[in-house]
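# Chains, contacts and geometry: an overview
What follows is the residue order along each chain.
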2 protein chains.
Amino acid sequence: MKRVTIYEVAKEANVSLATVSRVINGSDVVKEETRKKVEEAINKLGYKPNAIAQGLALQKSTTLGLIVPESSLSYASQTINGLADVAKIYDYNIIIHTITEGISKIEDVVEEIIKSRVDGVLIYCDKTLDESTNLLKQYNIPMVVIGDRISSDNICSAFIDYEQASYELIASYLDKGIDNIAILEDRRNSNISQELLEGGKKAFKEKGKEFDSYISIPRESRSTYKFLKDYLKDNKHKLLIANRDSQAIACLNVAAENGIKVPDDMEVVCMTDSKYTSMSRPELSSFIMPSYDLGALAMRLMTKMLSGEEVEEKEKTLGYVYQVRESTLN
Amino acid sequence: MKRVTIYEVAKEANVSLATVSRVINGSDVVKEETRKKVEEAINKLGYKPNAIAQGLALQKSTTLGLIVPESSLSYASQTINGLADVAKIYDYNIIIHTITEGISKIEDVVEEIIKSRVDGVLIYCDKTLDESTNLLKQYNIPMVVIGDRISSDNICSAFIDYEQASYELIASYLDKGIDNIAILEDRRNSNISQELLEGGKKAFKEKGKEFDSYISIPRESRSTYKFLKDYLKDNKHKLLIANRDSQAIACLNVAAENGIKVPDDMEVVCMTDSKYTSMSRPELSSFIMPSYDLGALAMRLMTKMLSGEEVEEKEKTLGYVYQVRESTLN
DNA sequence: CTGAAAGCGCTAACAC
DNA sequence: GTGTTAGCGCTTTCAG
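Quick caveat, the model's predicted, so the values are computed rather than measured. (Residues numbered from 1 in each chain as written. Chains lettered and ligands numbered in written order. Predicted model: local features only at pLDDT ≥ 70, side-chain atom pairs only at ≥ 80, totals over all residues.)

### Points about the overall build of chain A
The line we're drawing: The secondary structure listing takes helices from DSSP runs of H or I that are at least 4 residues long and strands from runs of E that are at least 2 residues long, numbered from the N terminus. It is over C-alpha atoms that the radius of gyration is taken, and the globule rule equals 2.2 Å times the number of residues to the power 0.38. With C-beta atoms placed from the backbone, a residue counts as buried when 20 or more other C-beta atoms lie within 10 Å of its own, as exposed when 12 or fewer do, and as partly exposed for counts between those limits. Contact between residues is assigned whenever the C-beta positions, reconstructed from backbone atoms, fall within 7 Å.
When helices and strands are counted, chain A shows 12 helices and 12 strands. Its C-alpha atoms give chain A a radius of gyration of 26 Å, more than 25% over the compact-globule value 20 Å for 330 residues. Considered along the principal axes of its C-alpha atoms, chain A spans approximately 85 × 40 × 35 Å. By residue count, 47% of the 330 residues in chain A fall in the buried class. Long-range pairs, those at least 24 residues apart, make up 67% of the contacts in chain A between residues at least 6 apart in sequence.

The structure is reproduced here in structure tokens:
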């Protein structure tokens, strides 16, 4: 179907296209009467402005790019919801680019992003973060990084303070005299793993101790479950900290199979809550992370950058809530 | 940073912009020597064609709209990965529109879609499907519906045959003489629920029986778990079929708490496999559904429609694999 | 094989 | 207040 253009509206309303443009864009210099006429024409013809043409004329697309590593997409869904809802409020569209090992290289994605002339880029953090920001930097395009603490000239970031969560959790156990604490690596979220480790180190250091129980999962290991099955035979911990729900559940399963009682013999904490953490038995104590808010905040940062507002705080931290359930003692 | 335009490339290469355009678009009429010159200029200046301007000139955006109900986003992640990977191959961008109750109405989303002049729309099916397709229909824009069996002039669809899966499963139990079978409603995926029901009805009918154990979860019920906690006190089934992993896990949990042995007293099947189904204890027998392929197929259908290829089969069905685990008998 | 020029639909000075 | 006009960056006839 031939889409109707601003010319046809102008003709229908018997005005110039400039006037139609004015009413579309809510310019207040238009006489009320004229505005009415134009609006009627718009409705009658079902005219919808062509965003592409607007984009060309205005040199901006009101479109944002979003880069998400394919493997993170399922974890990111709440965050994307937050992004999308806020984007809608500010009338931005989101072009989603997944980056898949073997299929879509980061260079190609950046190339597409540049071609599409998006006004800004949101990057869901993962190990390719540095590469994306470096490639994008040369184009001087506003960026918001989600999930890592980073900022520069036109880069802001929004993230959840996993390090602090880890620190608080571990410090509280050290206070109780428990120091046989281990953190399980999450290969899928290496930056979060790193933060957890830092938090642990800090807590131990404050007690004059050194943290040395970061459990690296070997590359060849097929799953956390399989790895733990061996690991927990030879290694005992009073508290085991996992990032993802599935890893925490694996801990529970292996414990049950090895006759390790949770929480009596070993406590388990999941750092990133999900609906599954309260469906396990025992239910997993976990940190409720504000994923939706993370997205909303990130998008808000972006709209601020784009509107030229001064962003006072370029690295925004979000808090969390620790939810005690059954996998920990008292 | 001022982006470089085709003019600058033309000047640099000492040719007209028409020639530059030709080499960008791989026209084969350009002399090899000229092409070289232009390509050098392109590289030297770091020129990237402006997709917006191209869109205007060509009257197509090489961009597709994707509508996903916010609540489905997490289930849809694999499917979106499939969509995205194939889209990348065919050089299409995807603008994602979530539709959130209370925030983004379907009318507004459709309005945005029209304004953005996407070349086609993919719709992840849910209860708002009819509304979206009806609104979109008047613009004569190619659509692909994901997750429902539907087609018309410029609508194709790709879906997984849940009805058949349900039918086969239930028929096999009836063959074994087990007919105390119930299907648990999934309010989040009402169309799938409906298909499961149809499959059940069909299987029963073939045995001259009538299926009457569709468990509707009352609107006021906060969670499947809470609902089942009461329900399973008064109702016994030999086979309980749930769609989502979380519902199936809820069945397992309630059963354990009520002293119902799974699979001996009651078998449980999860229709949509996920990584969590094999993490439950007992592990859940479930149908492995090709979510990624669903997305890939849907996108392939879209590219076919857009390239004007004749789409012989407008409603594409995908198969599944039944994975027996511990929650069912032999 | 290449260049000139019109046009895609809209915005934004600049006139009137 | 409203109209005229020159772009925005690119593609595509149509000449040559």
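Moving on from the coordinates now.
### Description of the sheet that holds strand 6 (residues 181-184) of chain A
Residue and element names in this part refer to chain A. Stated formally: For two strands to pair, DSSP has to find at least two bridges joining them. Between N-to-C directions, angles cover 0 to 180 degrees, with each direction set by a line fitted to C-alpha atoms, over the stretch in contact for helices.
Taken in spatial order, the six strands of this open sheet run 7-6-8-9-10-12, and their pairing is mixed. A single partner strand is all that each edge strand has here, and the edge strands are strand 7 (214-215) and strand 12 (321-323). Two strands pair when backbone bridges link them, and strand 8 (residues 239-242) and strand 9 (residues 267-270) are joined in this way by four bridges, in the parallel orientation. Along strand 9, the bridge assignment pairs Ile 241 with Val 269. Docked against the sheet, helix 11 (residues 245-257) engages strand 6, strand 8 and strand 9, running at close to 165° with respect to strand 9.

### Structural notes on the interface of chain A and chain B
The condition is simple: Gly falls in the polar group here, along with every residue not listed as nonpolar (Ala, Val, Leu, Ile, Met, Phe, Trp, Tyr, Cys, Pro) or charged (Asp, Glu, Lys, Arg).
The interface of chain A with chain B comprises 43 residues on the first partner and 43 residues on the second. Broken down by secondary-structure element, the contributors of at least two residues to the side of chain A that touches chain B are helix 4 (51-58), helix 5 (77-89), strand 2 (93-99), helix 6 (106-115) and helix 11 of chain A. A per-element tally of the side of chain A that touches chain B places helix 5 of chain A first, with six residues. For the side of chain A that touches chain B, the per-class residue count stands at 19 nonpolar, 14 polar and 10 charged.

### Some details on the protein's contact with DNA strand C
Test applied: Contact assignment follows one rule, namely that a residue is near a molecule or strand if its backbone-placed C-beta atom lies within 6 Å of it.
Around DNA strand C lies a shell of 25 residues, among which Ile 6, Ser 21, Ala 53 and Ala 57 of chain A together with Thr 34 of chain B are the nearest. Where the surface near DNA strand C is concerned, the elements lending two or more residues are helix 2 (17-24) and helix 4 of chain A together with helix 2 (17-24) and helix 4 (51-58) of chain B. Of the residues forming the surface near DNA strand C, the biggest block, five residues, is contributed by helix 4 of chain A. Of the residues contributing to the surface near DNA strand C, the split by class is 15 nonpolar, nine polar and one charged.

### Points about the protein's contact with DNA strand D
In the vicinity of DNA strand D there are 27 residues, among which Ala 18 and Thr 34 of chain A together with Ile 6, Ser 21 and Ala 53 of chain B approach most closely. Secondary-structure elements contributing two or more residues to the surface near DNA strand D are helix 2 and helix 4 of chain A together with helix 2 and helix 4 of chain B.

### A short note on the sheet that holds strand 10 (residues 285-288) of chain B
With respect to topology, six strands assemble into an open sheet ordered 7-6-8-9-10-12 (chain B), the strand pairing being mixed. Of all the strands in the sheet, just strand 7 (214-215) and strand 12 (321-323) of chain B have a single pairing partner and so form its edges.

### Considerations on the nonpolar core
Rule in force here: Nonpolar cores are built from buried Ala, Val, Leu, Ile, Met, Phe, Trp, Tyr and Cys residues. These are joined into a set through C-beta atoms within 7 Å.
Core analysis: the biggest nonpolar cluster contains 170 residues, and Ile 94, Ile 241 and Ala 298 of chain A together with Ile 94, Ile 241 and Ala 298 of chain B have the highest contact counts within it. The contact partners of Ile 94 of chain B, leaving out residues within four places of it in the chain, are Ile 95 and Ile 96 of chain A together with Leu 64, Leu 66, Leu 83, Ala 84 and Ala 87 of chain B. In this structure, Val 9, Ala 13, Val 23 and Ile 42 of chain A belong to the second largest nonpolar core, which totals eight residues.

### Points about the environment of Ser 274 of chain A
Residues and elements named next belong to chain A. On the secondary structure map, Ser 274 appears in the loop between strand 9 and strand 10 (285-288). Accessibility expressed as a C-beta count within 10 Å gives 23 for Ser 274, which makes it buried. Residues Ser 274 and Lys 314, 40 residues apart in the sequence, show an inter-C-alpha distance of 28 Å.

### Thoughts on the packing of helix 2 of chain A against helix 3 (residues 32-45) of chain A
All names here are of chain A. Heads up, the condition is: For classification purposes, an angle smaller than 35 degrees is called roughly parallel, one larger than 145 roughly antiparallel, one from 65 to 115 roughly perpendicular, and anything else oblique.
Following both chains from N to C, one finds helix 2 and helix 3 inclined at 90°, their axes separated by 10 Å at the closest point. Here helix 2 is positioned roughly perpendicular relative to helix 3, judged by the angle of their axes. For the pair formed by helix 2 and helix 3, the contact residues are Thr 19, Val 20 and Val 23 on the first element and Thr 34, Arg 35, Val 38 and Glu 39 on the second. Per-class residue counts for the contact of helix 2 with helix 3 are three nonpolar, two polar and two charged.

### A few points about the relation of the copies chain A and chain B
Using the following cut-off: We superpose the copies by least squares over the C-alpha atoms of residues that have a pLDDT of at least 70 in both of them.
Between the two copies, chain A and chain B, the superposition gives an RMSD of 0.1 Å; the rotation angle is 180° and the shift along the axis is 0.0 Å. Look at the turn and shift together and you get a two-fold axis relating the two. Proximity to the rotation axis, assessed at the C-alpha, singles out Ile 95 of chain A in chain A; its C-alpha lies 2.1 Å from the axis. Residue by residue, 100% of the interface of chain A is reproduced at the interface of chain B, so both copies engage with the same surface.

### What about the environment of Lys 209 of chain A?
All names here are of chain A. Tracing the chain through its elements places Lys 209 in the loop between helix 9 (190-206) and strand 7. Residue Lys 209 is classed as exposed on the basis of its C-beta count, with 12 C-beta atoms lying within 10 Å. For the pair Lys 209 and Arg 117, spaced 92 residues apart in sequence, the C-alpha separation works out to 52 Å. Residues in contact with Lys 209, not counting those within four places in the same chain, are Asp 179 and Phe 204.

### Observations concerning the packing of helix 1 (residues 6-13) of chain A against helix 2 of chain A
Residues and elements named next belong to chain A. Look at helix 1 against helix 2: their axes get within 8 Å of each other, and the N-to-C directions meet at 105°. Relative to helix 2, the element helix 1 lies roughly perpendicular. Note on element contacts: helix 2 touches helix 1 through Leu 17, Val 20 and Ser 21, opposite Ile 6, Tyr 7, Val 9, Ala 10 and Ala 13. The residue inventory of the contact of helix 1 with helix 2, partitioned by class, reads seven nonpolar, one polar and no charged.

### What about unusual backbone geometry?
Here the bond from Arg 281 of chain A into Pro 282 of chain A is cis, since omega is -5°, no more than 30 degrees from zero. Note that Pro 282 of chain A resides in the loop between strand 9 and strand 10. The backbone of Thr 62 of chain B shows a phi angle near 40°, a positive value even though the residue is not glycine. Within the secondary structure, Thr 62 of chain B sits in the loop between helix 4 and strand 1 (63-69). We classify Thr 62 of chain B as partly exposed; it has 19 C-beta atoms within 10 Å. A positive phi angle is found at Asn 140 of chain B, which is not glycine, with a value near 60°.

### What about the domain arrangement of chain A?
Keep this limit in mind: An automatic or database domain assignment supplies the start and end points of every domain.
Taken domain by domain, chain A consists of domain 1 (6-58), domain 2 (63-160 + 291-318) and domain 3 (162-289). Each of domain 1 of chain A and domain 3 of chain A has a C-alpha centre, and these two points are 60 Å apart.

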